[in-house]
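# Descriptive structure summary
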Amino acid sequence: MIKKFIFFALLTCFLLSSMFASGLINTTPSLWIKFSTPKYIDVVNVMSCNPDEMLAAITLQGAYNQLQTATRIYTIQGMEDSVFWLNNAIPKDISIKWLNNLSSSGGLETLSLLLKQFGHYIKGAITYDPKNIATINIATTMAGINDAMVISPSLKPYVESFGIKILADLSDYHWKTERSAYEWAVQNLLPKTNNKMLIMLDPAIYGYLRDYAVATKSFVFWFSASQYPSLFSKILDHTPSNTPIMGYIPDEGPDVAALSKLGHFLNASDYLSNESVWASMPSPKNLTQAQPKAIKAEPGTVYLSFMVSDGDNSQYIEHQMMHNWQLNSQEINPFLEKIPEGWTMPPGMIDFAPTIMEYYYNHLPITNEIDAGPCGVGYATAMSGNNLIEFAKTSGEFMKRDDMPIVVYWGDEKVLDTYATSSNIDGIWWYNEYGYKLVGITGIFGQTNGYISSVDKMVETIESQVKTSDSNKPIFLASYVDGWHLSPLSVYAIALKLSYDGEKMGDKYVFVTPGVLFETMKSYFEGKEENLPSYNSQSVSGKQLLSEPDVNLILKHFPFF
């Protein structure tokens, strides 16, 4: 009997270890609220809506989508972006039907269409008070709790004509300040909302993430931690530590630190649209990309890696990054594969917007890689103690699921070793100067320049760093690229200019992905370079770039040559 028990115990351990190794078991926690996958998508163009009509339409979308029927509402809020993802991130087995078209005009006609088709499914409407802008968020919270939409007083008669009941009119409460409104909401609404996540959203944003706020029955607020500290803390205490705050914050630096100190992290997402749809898309168990491999580091050679931000921000991923990657809606930008780059993304997008994330992995050139944006599973800068250990561990788990080798970290230098040990990842790209160090299996290296928004300034910065470096050793540089202003063509031009100047000055450049940079540094500093190649598929030399047939066209396009 004992022998049988031992045999089955060993067999169970073997099977479990095999499943973990093969990625069959997803060990990442369920941090974001997801919905069932629909069979149908009804598409509505709401671009002609004015702000009040948009607020009504998007909150109606959230109230209906949270019912999780076989159909979900998808809104076109920005023509190119919304249509692109409709065509590229909705699984082919989901049927898509347009309820109006891209040339539709007239916001009331669009709202009428939504009310006729979906209004009878929801329980009513909450009217906000125009004299107190904070009541848009109070009304959004109340709408989530009551399966309702949010409207302005001017739309009240129109909405009632469709049989929609007015469940509450927030002007009846006569709140004089936003603080008094939020204090009432904390007392009366917070206990009725989900305790899994919170949403911070500027009340001036009438669309975008607001559908998800309603659909998830989240508490929605907007004020800085320094404005009402006790109220801020009380709201955050509603959810456990290391849970996400979706949306954005009024004052980035101090507010992200305040969230972190209270044990939470930010998933920047205020302008993420149709999240109540993306959260209903199926998540893959894991994602894969090419594994970075070391190359031999030669003395007097500059090994330069570009990391593109603003990749912790999912609305950047949905909008600007899509434009950086696309030549048009059918073709990938040809300059994307010219220079090795790391593209930062939120690791948790594999759950809260999985099919958008999958698009990038499916179209990733072999020369590029996808890494984790600040600071792992979310934006957090001032975590400490157990919160940091848990945060780093969770970040590492999601990064392994996403096959991401490197994380950009903007936290305190004092906790780099703790983050490295707890995350167990390949590399940490710290946001400040920092000499290379290996902690366990994790390399740590400092970013050699921060956000630079112009091609010529980036070239000037890198060349000045090379001049002051020891040419008798390999030179390793980690350059941060402002993805809002610099495209793949811009990075190509930067690399060409550096290579062109280097030919004249005797400087040799090799451009590598962040993953290759870290693996190369590990091999170099550990003295394990024997038999390593000089180049691989994720690296390119300046000499190779200057032999490209389109170089002269680029040289003419940028006046600094």
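Residues numbered from 1 in each chain as written. Predicted model: local features only at pLDDT ≥ 70, side-chain atom pairs only at ≥ 80, totals over all residues. Heavy atoms only, no water.

### Quick notes on the overall build of the protein chain
Each helix and strand counted, the protein chain has 22 helices and 20 strands in total. The C-alpha radius of gyration computed for the protein chain amounts to 25 Å, which stays within 12% of the reference 24 Å derived for 561 residues, consistent with globular compactness. C-alpha extents for the protein chain along the principal axes are approximately 75 × 75 × 50 Å. Across the 561 residues in the protein chain, those meeting the buried criterion constitute 59%. The long-range fraction of contacts in the protein chain, counting pairs at least 24 apart against all pairs at least 6 apart in sequence, stands at 77%. Within the structure as shown, the protein chain displays about 22,100 Å² of accessible surface, and the carbon and sulfur contribution to it stands at 54%. When the 39 basic and 56 acidic side-chain charges of the protein chain are each reduced to a single mean position, those positions are 7 Å apart. (Helix = DSSP H or I, 4+ residues; strand = E, 2+ residues; numbered from the N terminus. Rg over C-alpha atoms; globule rule 2.2 N^0.38 Å. Buried < 20%, exposed > 50% of the residue type's maximum accessible area, 1.4 Å probe, protein only. Contact = heavy atoms within 4.5 Å. Areas by Shrake-Rupley, 256 points an atom, 1.4 Å probe, with all protein chains shown as cover. Lys, Arg positive; Asp, Glu negative; His and termini not counted. Charge placed at Lys NZ, Arg CZ, Asp CG, Glu CD.)

### Here's the deal with the nonpolar core
The biggest cluster of nonpolar side chains holds 185 residues, and the ones touching the most others in it are W85, M149, Y212, F221, Y360 and F511. Not counting residues up to four positions away in its chain, the partners in contact with Y212 are W32, I33, F35, M197, I199, M246, E275, S276 and A279. (Core = buried A, V, L, I, M, F, W, Y, C linked by side-chain atoms within 4.5 Å.)

### Digging into the layout of surface pockets
The volume enclosed by the largest pocket comes to roughly 370 Å³. Considering the residues around the largest pocket, the lining is formed by 18 residues, among which F445, S469, I475, F476 and L477 are closest to the centre. At the level of elements, β17 (442-446), β18 (475-482) and α20 (514-525) are the ones that each hand at least two residues to the lining of the largest pocket. Here the lining of the largest pocket is built from residues that sort into 10 nonpolar, 5 polar and 3 charged. (1 Å grid on protein atoms, 1.4 Å probe; cavity = no way out; pocket = protein on both sides within 12 Å on 5 of 7 lines; lining within 4 Å. Points joined across faces, edges and corners; volume = space filled by probe spheres on them. Nonpolar A, V, L, I, M, F, W, Y, C, P; charged D, E, K, R; others polar.)

### Thoughts on the side chain of N65
Positionally, N65 belongs in helix α2 (residues 51-65). Engagement of the side chain of N65 in a polar contact is seen with the side chain of S276, the distance being 2.9 Å. Not counting residues within four places of it along the chain, the set of residues in contact with N65 comprises R72, I73, S276 and V277. (Polar contact = N/O pair within 3.5 Å; in protein donor to acceptor, adjacent residues only side chain to side chain.)

### What about unusual backbone geometry?
Going from P374 to C375, the amide bond is cis rather than trans, its omega being -5°. Note on placement: C375 falls in the loop between β13 (369-372) and α16 (385-402). In this structure, K217 is a non-glycine residue whose phi angle is positive, near 55°. Within the secondary structure, K217 is located in the loop between α8 (210-215) and β8 (220-221). Residue N242 is not a glycine yet carries a positive backbone phi of 55°. Among the structural elements, N242 can be located in the loop between α9 (229-236) and β9 (244-247). On the basis of relative accessible area, N242 is assigned to the buried category, the value being 5%.

### Focus on the sheet that holds strand β7 (residues 198-200)
Strand order in the open sheet formed by 4 strands is β8-β7-β9-β10, with parallel pairing between adjacent strands. At either margin of the open sheet sits one strand with a lone partner, and together these are β8 and β10 (265-268). Sheet analysis places β7 next to β9, joined by 3 bridges and oriented parallel. Residue L198 lies in a different strand from β9, and its bridge partner there is I245. (Pairing = 2+ DSSP bridges.)

### Points about the pairing of strand β12 (residues 341-345)
Taking burial as the measure, the 5 residues of β12 include 5 buried ones, the bulk of the element. Neither face of β12 is left uncovered, since the one carrying E341, W343 and M345 and the one carrying G342 and T344 both have all their residues buried. Note that strand β11 (residues 301-309) and β12 share 3 bridges and pair parallel. In the sheet register, M307 faces β12, and the bridge partner there is G342. Looking at chain direction, β12 and β13 are connected through 4 bridges and run parallel. Along β13, the bridge assignment pairs T344 with D371.

### Points about the sheet that holds strand β4 (residues 124-127)
Sheet architecture is open: 3 strands sit in the order β5-β4-β6, paired in parallel fashion. Each edge of the open sheet carries a strand with a single partner, namely β5 (148-151) and β6 (166-169). Neighbour-to-neighbour, the strand axes of this sheet turn through a mean angle of 25°, independent of strand direction. In this structure, β4 lies alongside β6, joined through 3 bridges in parallel fashion. Residue pairing across strands places I126 opposite A168, the latter belonging to β6. In the packing of helix α5 (residues 135-146) onto the sheet, contacts are made with β4, β5 and β6, and the angle to β5 comes to roughly 160°. (Axes fitted to C-alpha atoms, helices over the stretch in contact; angles between N-to-C directions.)

### Observations concerning the packing of helix α7 (residues 178-188) against α9
The description of two helices packed together rests on the angle between their axes and the distance between the axes. Contact pair α7 / α9: the axes reach a minimum separation of 11 Å and the direction vectors enclose 30°. Classed by the angle they form, the pair α7 and α9 counts as roughly parallel. Both α7 and α9 take part in a crossing whose hand is left-handed. Taking contact as the criterion, the partners of R179, Y182, E183, V186 and Q187 in α7 are, on α9, S230, L231, K234 and I235. Looking at the contact of α7 with α9 residue by residue, the classes come out as 4 nonpolar, 2 polar and 3 charged. (Parallel < 35°, antiparallel > 145°, perpendicular 65-115°, else oblique. Left-handed = near helix turned anticlockwise from the far one by under 90°.)

### Some words on a nonpolar patch on the surface
A cluster of nonpolar side chains, namely M47, M79, I96, W98 and L102, defines an oily patch on the protein surface of about 400 Å² accessible area. Structurally, M47 is set in the loop between β1 (40-45) and α2. M47 sits in the partly exposed class, given a relative accessible area of 30%. (Patch = residues over 30% accessible without salt bridge, like charges linked within 9 Å, V, L, I, M, F, W, Y side chains within 5 Å. Salt bridge = Lys/Arg side-chain N within 4 Å of Asp/Glu carboxyl O.)

### Things to note about the packing of aromatic side chains
Within the structure shown, the criterion is met by 42 aromatic pairs. With a centroid separation of 5.3 Å and 85° between ring planes, the pair formed by F84 and Y359 is classed as edge-to-face. Taken together, the residues F84 in helix α3 (residues 79-88) and Y359 in helix α15 (residues 354-362) connect sequence positions 275 residues apart. On the basis of relative accessibility, which here comes to 3%, the residue F84 falls in the buried class. Judged by its relative accessible area of 5%, Y359 falls in the buried class. Here the aromatic rings of Y409 and Y419 are separated by 4.5 Å at their centres, their planes lie at 40°, and the arrangement is tilted. Taken together, the residues Y409 in strand β14 (residues 406-409) and Y419 in helix α17 (residues 416-423) connect sequence positions 10 residues apart. (Phe/Tyr/Trp six-rings, centres within 6.5 Å; stacked < 30°, edge-to-face > 60°.)

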